[in-house]
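# Per-entry structural report
Listed here are the chains, written in short residue letters.
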Amino acid sequence: LKLADVHLQDHYMFVLGKGRRMEMVPILPELRLALARYIHRWRPQGYADTLLVQYDARAFGKPLTKEVVNGKMQALKEWSGLDVTPHGLRRTMT
């Protein structure tokens, strides 16, 4: 997800959908507020053009990748004892 794909003022974003098509989806008010806070207060400026970036000292400002998310989820899974995956979380939202 590219930073330019998020249109907070207009309450929508473009996401890559099935068949690798770009789809326009609405941004709910709660998500809009959270994204605005992240982008304007926490997201490092002048790094990757992706919305989500890494905060690890070795990769600070680089795009957040699927591998990084899977590694963090695996660590949380081991720590919590819960059987959860990124895909499982995604499916709870659809």
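Structural notes, computed from the coordinates. Computed from a predicted structure; not experimentally measured.

Definitions and cut-offs
Residues numbered from 1 in each chain as written. Predicted model: local features only at pLDDT ≥ 70, side-chain atom pairs only at ≥ 80, totals over all residues. Heavy atoms only, no water. Pairing = 2+ DSSP bridges. Helix = DSSP H or I, 4+ residues; strand = E, 2+ residues; numbered from the N terminus. Buried < 20%, exposed > 50% of the residue type's maximum accessible area, 1.4 Å probe, protein only. Contact = heavy atoms within 4.5 Å. Phe/Tyr/Trp six-rings, centres within 6.5 Å; stacked < 30°, edge-to-face > 60°.

Judged by pairing direction, the sheet is antiparallel, and its three strands sit side by side in the order S1-S2-S3 without closing on themselves. A single partner strand is all that each edge strand has here, and the edge strands are strand S1 (6-7) and strand S3 (22-26). As paired strands, strand S2 (residues 12-16) and S3 are joined by five bridges and run antiparallel to one another. Looking across to S3, one finds that Tyr 12 is bridged to Pro 26.

Relative to the helices and strands, Met 22 resides in strand S3. A relative accessible area of 47% places Met 22 in the partly exposed class. Here the alpha-carbon distance between Met 22 and Ala 48, two residues 26 residues apart in the chain, equals 20 Å. With residues up to four places along the chain from it excluded, the contact list for Met 22 reads Asp 5, Phe 14, Val 15 and Leu 16.

Attention now moves to the packing of aromatic side chains. Counted by the stated rule, this structure contains three aromatic pairs. When the ring of Tyr 12 is compared with that of Phe 14, the centres are 5.5 Å apart and the planes differ by 85°; the resulting orientation is edge-to-face. For the pair Tyr 47 and Phe 60, a centre-to-centre distance of 5.4 Å together with 85° between the ring planes defines the contact as edge-to-face. In this pair, Tyr 47 sits in the loop between helix H1 (29-42) and helix H2 (66-80) while Phe 60 sits in the loop between H1 and H2, placing the two residues 13 residues apart along the sequence. Take Phe 60: its relative accessible area is 36%, and that puts it in the partly exposed class. Here a set of aromatic residues connected by ring pairs shows up, and it is made of Tyr 47, Tyr 55 and Phe 60.

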